[in-house]
Amino acid sequence: MSCNQIKKSKNQNNTAKLTNPVIKGHFADPTIVKHKGNYYVYATIDPWGGDELAVFQSSDFINWQRKKINWPTREACSTPISTNSRVWAPCVIKGKDGKFYMYVSVGSEIWAGVSSTPLGPWKNAKADNSPLIKGNMFPKYHMIDAEAFIDDDGKAYLYWGSGLNWKNGHCFIVPLNDDMISFDENEIKDITPPHFFEAPFMMKKNNKYYLMYSEGKCIDSTYMVRYSVGKTPYGPWTEGATSPVLSTSKDGTTLGPGHHTVFSENNQDYILYHRIKDNNNTLLREIAIDSLNFDVNGNLLTVEPQGGVTSFVDINSNTQN
């Protein structure tokens, strides 16, 4: 299936302007990996998730093909304490062993998958087919929105957490063992930064740790992306001077942006996120992209989405990650 076409600007760099939404259709909570010259975007199917994930592949960030993967599914990821929540919020990351690991919310529990390729075949990374984070681990909080981060020293961490009834969001962290799925429960820590509700994302720049996350309700204009800065993966956190960094635009063309990921292409950072397309009768969201930049003091510059042509990606990059 061919998705959103974008106009090519005629210049020496042969770059392309990306018109939002960057992928046509109603999807949310995107994550992205690049492998052998191809981009793979995994996302929640709207409204409110599906029985599987939406997966898209592109070699140029212009033409996208919808793909199908065998896991996760509602049927494969279910326990006696699972809620009726569907398949949400994937994170996919390439491990030190060259395999791909997925952390995904199904039934208000976090499941981990593993595959040798981005398109699978995927399987539960745990031999007993159980969830990685059980839904009742911390009953006062919502066990969703997992995000893995591998530090410069090769140490991996898992971040996750949200609140119940649109309030009291908490963020948890645990160091992962080399297998990317096992951990010591005694090492789980609550590291909730200011104004956190859900969707943590960690990145590191110039030896500073930037914990980004969403605040507000994903159903309306209160949803936004904030960030805090610390000296370790655990914090302690000081909210960024320019936080929130992405929020509803003044002209309303970008409504309730959030639950994002960040990736780099040709030394430029990009933020890939969802925004609300329609919240009148049900929740329909779409995937958008903008460049993400820093000032000289290491603060994130406020993203000002235009609701149209806003970002650039080199469409002829031969980089293979």
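Criteria and cut-off values
- Residues numbered from 1 in each chain as written.
- Predicted model: local features only at pLDDT ≥ 70, side-chain atom pairs only at ≥ 80, totals over all residues.
- Heavy atoms only, no water.
- Core = buried A, V, L, I, M, F, W, Y, C linked by side-chain atoms within 4.5 Å.
- Buried < 20%, exposed > 50% of the residue type's maximum accessible area, 1.4 Å probe, protein only.
- Helix = DSSP H or I, 4+ residues; strand = E, 2+ residues; numbered from the N terminus.
- Contact = heavy atoms within 4.5 Å.
- Phe/Tyr/Trp six-rings, centres within 6.5 Å; stacked < 30°, edge-to-face > 60°.
- Lys NZ or Arg CZ within 6 Å of the ring centre and 35° of its normal.
- Pairing = 2+ DSSP bridges.
- Salt bridge = Lys/Arg side-chain N within 4 Å of Asp/Glu carboxyl O.

Peer 1: So what exactly am I meant to see when it comes to the nonpolar core here?
Peer 2: A general tendency of soluble globular proteins is for nonpolar side chains to be buried together. Formed by 25 residues in total, the largest nonpolar core has its most connected members in Tyr103, Leu132, Ile133, Leu158, Trp160 and Leu176. Put simply, the parts of the chain that give this core at least two residues each are strand 6 (87-94), strand 7 (100-106), strand 8 (109-115), strand 11 (156-160) and strand 12 (172-176). With sequence-adjacent residues up to four places away left out, leucine 158 is seen in contact with Tyr103, Leu132, Ile133, Ala146, Glu147, Ala148, Phe172, Ile173, Val174 and Leu176. Ranked by size, the runner-up nonpolar core spans 18 residues in total, among them Leu18, Tyr39, Ala43 and Ile287.

Peer 1: Just checking my understanding: could you explain the packing of aromatic side chains for this structure?
Peer 2: For any two aromatic rings, the description comes down to two numbers: the centre-to-centre distance and the angle of the planes. Tallying each qualifying case throughout the model produces 14 aromatic pairs. Taken together, a centroid distance of 4.9 Å and an interplanar angle of 85° make the contact between tyrosine 39 and phenylalanine 61 edge-to-face. Of this pair, tyrosine 39 sits in strand 3 (residues 38-45) while phenylalanine 61 sits in the loop between strand 4 (54-58) and strand 5 (65-67); the two residues are 22 residues apart in sequence, bridging distant segments of the chain. The same class applies to tyrosine 39 and to phenylalanine 61, which are both buried. One cation-aromatic arrangement involves arginine 285 over tryptophan 48; the distance from NZ or CZ to the ring centre is 5.8 Å.

Peer 1: Is there a simple way to think about the sheet that holds strand 9 (residues 123-124) in this case?
Peer 2: Picture the strands of a sheet paired through backbone hydrogen bonds; they go either parallel or antiparallel. Here we have four strands laid out as an open sheet, ordered 6-7-8-9, and antiparallel in their pairing. Each edge of the open sheet is held by one strand with a lone partner, namely strand 6 and strand 9. Inspection of the sheet shows strand 6 paired to strand 7 by six bridges, in the antiparallel sense. In the sheet register, lysine 94 faces strand 7, and the bridge partner there is phenylalanine 100.

Peer 1: Looking at this structure, how should I read the sheet that holds strand 14 (residues 198-205)?
Peer 2: Spatial ordering of the open sheet is given by 14-15-16-17, a layout of four strands whose pairing is antiparallel. Lying at the two open borders of the sheet, with one neighbouring strand each, are strand 14 and strand 17 (238-239).

Peer 1: Is there a simple way to think about the pattern of salt bridges in this case?
Peer 2: Oppositely charged side chains are able to pair whenever their charged atoms sit close together. A complete count under the given rule lists 11 salt bridges for this structure. Among the charged side chains, a network of salt bridges with common partners joins Asp151, Asp152 and Lys204.

Peer 1: Would you explain the pairing of strand 7 in this entry?
Peer 2: Side-chain positions along a regular strand alternate between the two faces of the sheet. Where burial is concerned, most of strand 7 is hidden: seven out of the seven residues are buried. Taking every second residue as pointing to the same face, both faces of strand 7 are buried, with Phe100, Met102, Val104 and Val106 on one and Tyr101, Tyr103 and Ser105 on the other. Remark: five residues form the turn of the hairpin made by strand 6 and strand 7, two consecutive strands paired antiparallel; glycine 98 in that turn has positive phi of roughly 85°. Direction of pairing for strand 7 relative to strand 8: antiparallel, over a ladder of seven bridges. Paired with tyrosine 103 across the strands is alanine 112, a residue of strand 8.

Peer 1: Where do I start with unusual backbone geometry in this structure?
Peer 2: The phi torsion of most residues other than glycine is negative, and most of the peptide bonds are trans. Cis peptide bonds are those with omega within 30 degrees of zero, and the linkage from aspartate 46 to proline 47 qualifies with 0°. Note that proline 47 resides in the loop between strand 3 and strand 4. With an omega of 10°, the peptide bond running from glycine 120 to proline 121 counts as cis. A positive phi angle, close to 50°, is found at lysine 36, a residue other than glycine. For lysine 36, the location among the structural elements is in the loop between strand 2 (27-35) and strand 3. In this structure, tryptophan 166 is a non-glycine residue whose phi angle is positive, near 65°. For tryptophan 166, the position within the fold is in the loop between strand 11 and strand 12.

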